[in-house]
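The primary structure of each chain is shown beneath.
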Amino acid sequence: MLEQSYYDKADEIIAEHGKQQAALIPIIQDIQSEYRYLPPELLSYVAEKLGINEAKAYSVATFYENFSFEPKGKYIIKVCDGTACHVRKSIPILERLYSELGLSHEKATTDDMMFTLETVSCLGACGLAPVLTVNDKVYPAMTPDAAAELIRELRGA
Ligand code: FES
C-alpha cells in the first residue's frame, strides 16, 4: 500500500495535465520523474481517473521501455554493451561495478537505494566506447578502475 501522499501528488500532476486520455503518458512520465519509478498502484489510479481501461494503461506503460515498475536508486548507471563497447571491453567494467556495488544480474539496485545498475545495447556514442552513463550524463572511454573511482566519487557526493 502506498502512502496517501503518493495519491495526492498524482492528483496534483493530473490537475496540471488535465483528465483527457492523451494526457496518460505525460502524467505517468511526471510521476516517474518524481519517484524515479512508476508505482503500479499509481498507474491504476491514473487510469481510473482518466477513464482508461487499466489493462490498456498497463500495456501503454510497458510498451515504453523507459517506464519502470520497480523503485530505482538515486544514481542510475547504464553500462553500454553494444558491439562497439563490447569489443572495447565493457564486460569487465560491468563486472567491476557489480562487485563494487554488491549487485548482480538478479539484483539491480543497492539496498540503500543509492545505485541501480543496468545494461543497454547502445547509447549512441560508439566513438567514445566503452561508455557508461550516470543519470544520462555520459562517461566516455571507461575502464574498470575509472568506474570504481566514479562510484567512490558518487558515494561522497
Ligand atoms: S555500442 Fe556503446 S555506445 Fe554504441
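From a predicted model like this one, the values you see are computed outputs, not experimental measurements.

K.L.:
Account for the nonpolar core, naming residues and giving values.
P.N.:
Nonpolar side chains in soluble globular proteins generally cluster together in the buried interior. Residues Ile-27, Ile-31, Leu-38 and Leu-42 are the most contacted members of the largest nonpolar core, which totals 25 residues. Those elements that place two or more of their residues in this core are helix H1 (4-17), helix H2 (24-35), helix H3 (40-50) and helix H4 (54-63). Counting residues per element, this core draws most heavily on H3, which supplies 6 residues. Once you skip the residues sitting within four places of it in the chain, Ile-31 turns out to touch Ala-10, Ile-13, Tyr-37, Leu-38, Pro-39, Leu-42 and Val-46.

K.L.:
Help me get a handle on the packing of aromatic side chains, residues and values and all.
P.N.:
Under the counting rule described, the total for this entry stands at 5 aromatic pairs. Summarising the aromatic geometry, the rings of Phe-63 and Tyr-64 are spaced 5.3 Å apart at their centres and angled 90 degrees between planes, so their arrangement reads as edge-to-face. When its relative accessible area of 64% is taken as the criterion, Phe-63 is described as exposed. When its relative accessible area of 37% is taken as the criterion, Tyr-64 is described as partly exposed.

K.L.:
Can you lay out the sheet that holds strand S1 (residues 75-80) for me, pointing to particular residues and giving the numbers?
P.N.:
Spatial ordering of the open sheet is given by S2-S1-S3-S4, a layout of 4 strands whose pairing is mixed. Pairing within the sheet leaves two strands with one partner each, and these edge strands are strand S2 (115-120) and strand S4 (137-139). On average, adjacent strands in this sheet sit at an angle of 25 degrees to one another, irrespective of strand direction. Two elements, S1 and strand S3 (residues 132-134), share 3 bridges in a ladder whose sense is antiparallel. Among the inter-strand pairings, Val-79 is bridged to a residue of S3, identified as Leu-132. Where helix H7 (residues 144-156) meets the sheet, it contacts S1, S2, S3 and S4, and its direction lies at approximately 0 degrees from that of S3.

K.L.:
Account for the packing of H3 against H4, with residues named and values stated.
P.N.:
Contact geometry of H3 with H4 gives a least axis separation of 9 Å together with a crossing angle of 125 degrees. The angle between H3 and H4 places the two elements in the oblique class. Both H3 and H4 take part in a crossing whose hand is right-handed. Each of Leu-43, Ser-44 and Ala-47 in H3 lies in contact with H4, whose residues at this interface are Glu-54, Ala-57, Tyr-58 and Ala-61. The residue makeup of the contact of H3 with H4, split by class, is 5 nonpolar, 1 polar and 1 charged.

How each quantity is defined
Residues numbered from 1 in each chain as written. Predicted model: local features only at pLDDT ≥ 70, side-chain atom pairs only at ≥ 80, totals over all residues. Heavy atoms only, no water. Core = buried A, V, L, I, M, F, W, Y, C linked by side-chain atoms within 4.5 Å. Buried < 20%, exposed > 50% of the residue type's maximum accessible area, 1.4 Å probe, protein only. Helix = DSSP H or I, 4+ residues; strand = E, 2+ residues; numbered from the N terminus. Contact = heavy atoms within 4.5 Å. Phe/Tyr/Trp six-rings, centres within 6.5 Å; stacked < 30°, edge-to-face > 60°. Pairing = 2+ DSSP bridges. Axes fitted to C-alpha atoms, helices over the stretch in contact; angles between N-to-C directions. Parallel < 35°, antiparallel > 145°, perpendicular 65-115°, else oblique. Left-handed = near helix turned anticlockwise from the far one by under 90°. Nonpolar A, V, L, I, M, F, W, Y, C, P; charged D, E, K, R; others polar.

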